[in-house]
Amino acid sequence: MPLPEPALADLQTPPGIPDAEFREICSLVQQRLGIELRPGKEALVTLRLAEPMRRGGFTSFGRYMEHVKRDPEGPAMLEFIDSLTTNHTNFLREANHFEFWQQQVLLPLRHRPELQVWCAASSSGEEPYTMAMHAVEALGESAYRQVRIIATDISHAILEQARRGVYSAQRLAPLPEAWCRRYFLRGEGQWQGYFRVKPELSRMVEFRRLNLIESLPLMGPFPAIFCRNVMIYFNPETRSLVVNQMRTRLEPGGYLFVGHAESLNGLNVQLDYVQPSVYRLAGPG
Ligand SMILES: C[S@@+](CC[C@H](N)C(=O)[O-])C[C@H]1O[C@@H](n2cnc3c(N)ncnc32)[C@H](O)[C@@H]1O
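Rules and cut-offs
- Residues numbered from 1 in each chain as written.
- Predicted model: local features only at pLDDT ≥ 70, side-chain atom pairs only at ≥ 80, totals over all residues.
- Heavy atoms only, no water.
- Domains from an automatic or database assignment.
- Contact = heavy atoms within 4.5 Å.
- Buried area = accessible area lost by both parts, 1.4 Å probe.
- Buried < 20%, exposed > 50% of the residue type's maximum accessible area, 1.4 Å probe, protein only.
- Helix = DSSP H or I, 4+ residues; strand = E, 2+ residues; numbered from the N terminus.
- Arc of directions from axis to C-beta.
- Pairing = 2+ DSSP bridges.
- Axes fitted to C-alpha atoms, helices over the stretch in contact; angles between N-to-C directions.
- 1 Å grid on protein atoms, 1.4 Å probe; cavity = no way out; pocket = protein on both sides within 12 Å on 5 of 7 lines; lining within 4 Å.
- Points joined across faces, edges and corners; volume = space filled by probe spheres on them.
- Nonpolar A, V, L, I, M, F, W, Y, C, P; charged D, E, K, R; others polar.

Novice: So what's going on with the domain arrangement of the chain? Which residues, and what values?
Specialist: Considered domain by domain, the chain is made up of domain 1 (8–84) and domain 2 (96–280). Computed from C-alpha atoms alone, the centre-to-centre distance between domain 1 and domain 2 is 30 Å. Between domain 1 and domain 2, the contact holds 10 residues from the first and 11 residues from the second. Summed over both sides, the interface between domain 1 and domain 2 buries roughly 870 Å², with carbon and sulfur atoms accounting for 52% of that surface.

Novice: Give a detailed account of helix 9 (residues 156–164), specifying residues and quantitative values.
Specialist: Helical geometry: 3.6 residues make up each α-helical turn, so side chains three or four residues apart lie on a common side. Turning to helix 9, its buried residues are Ile158, Leu159 and Ala162. Mapping the buried residues of helix 9 onto a view down its axis gives an arc of 100 degrees, with all of them on the same face. Of the surrounding secondary structure, the elements contacted by the buried residues of helix 9 are helix 7 (126–139), strand 2 (147–153), strand 3 (166–168) and strand 6 (205–209). One or two positions beyond helix 9, positive phi appears at glycine 165, with a value near 65 degrees.

Novice: Which residues make up the sheet that holds strand 1 (residues 115–120), and what values do they have?
Specialist: The pairing of strands in a sheet comes from backbone hydrogen bonds and takes either a parallel or an antiparallel form. Ordered in space as 6-2-1-7-8-10-9, the 7 strands form an open sheet in which the pairing is mixed. Of all the strands in the sheet, just strand 6 and strand 9 (272–275) have a single pairing partner and so form its edges. Taken over all neighbouring pairs, the strand axes of this sheet differ in orientation by 25 degrees on average, direction set aside. As paired strands, strand 1 and strand 7 (residues 222–227) are joined by 3 bridges and run parallel to one another. Counted as the bridge partner of alanine 120 is cysteine 227 from strand 7. The sheet contacts of helix 12 (residues 236–247) involve strand 1, strand 7 and strand 8 (250–258), and relative to strand 8 the element is tilted by about 145 degrees.

Novice: Could you give me a rundown of the pairing of strand 1, with the residues and numbers involved?
Specialist: Counted residue by residue, strand 1 has 5 buried out of 6 residues, so it is predominantly covered. Both strand 1 and strand 2 contribute to a ladder of 6 bridges, which runs parallel. Paired with valine 117 across the strands is isoleucine 149, a residue of strand 2.

Novice: So what's going on with the layout of surface pockets? Which residues, and what values?
Specialist: Taken as a whole, the largest pocket encloses approximately 690 Å³ of empty space. Along the wall of the largest pocket there are 37 residues; nearest its centre are Ile35, Thr86, Asn229, Val230 and Tyr233. Going through the elements one at a time, helix 2 (19–33), helix 3 (42–56), strand 2 and helix 12 are the ones with two or more residues in the lining of the largest pocket. In terms of residue count, the dominant contributor to the lining of the largest pocket is helix 3 (3 residues). The residue inventory of the lining of the largest pocket, partitioned by class, reads 17 nonpolar, 11 polar and 9 charged.

Now the structure itself:
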């Protein structure tokens, strides 16, 4: 008896992942990104890898993984990493941090000629651009020259998107109307409904690729580091490693902001608790 015709959707999605290949993917993701993928995520992984597998003409996960692993820094590996990162973010996310950033970091340090801070795991840019807009609101026009935000992420694709700084009207919805006019250019013609970050704001943010689980490059020390909503995907050992590395890039009295759902409870990291999701390196300031 002939097999039934596969539905169209089945043709676009590879078949379910065999256990051995799923374990191999989990271990590679753990090794390269520090992210813990647990059993139960097979469908998500299948969905995320469907496009790179289709583009490369792979119908088996085994063959695809051989191809990915052949060159540890090659385009297939980078695409694999891009596909498996979760980039959810938005403007003004966890808004109380930006008030704290204005009141406890920017205003007390406004006398400094240069204020350089780090936004780690910055995704598509909404977070560092929100920091930049708050800096201009707090310090006025001088912030355009004074404040530098190093924004980093592991994903090449998302960094490209962040550098472009183009967002739909829907993405801008959390921002006050006046800020949209002040900090964005309205698209016309085929760009109707889209907004681009104004050049003076985008010059405040420098996007770089950086993997938080590898040794950090020489940078800082910073009076503030935002590292929000990424450690939630790490296991406690990786979280300790990442926070201890970041601690070495904080200046005495510098603040570390983590996501609202994240906490450094139980980690041996020698940072003082300030308030939920805000920590500080002891010292003057
Ligand atoms: C959920 S987003 C959080 C974005 C933003 N920080 C926020 O709170 O809205 C997590 C980001 O972490 C990045 N990421 C995941 N693993 C990483 C790693 N090992 N090093 C650096 N960035 C990583 C992902 O590419 C993704 O853009």
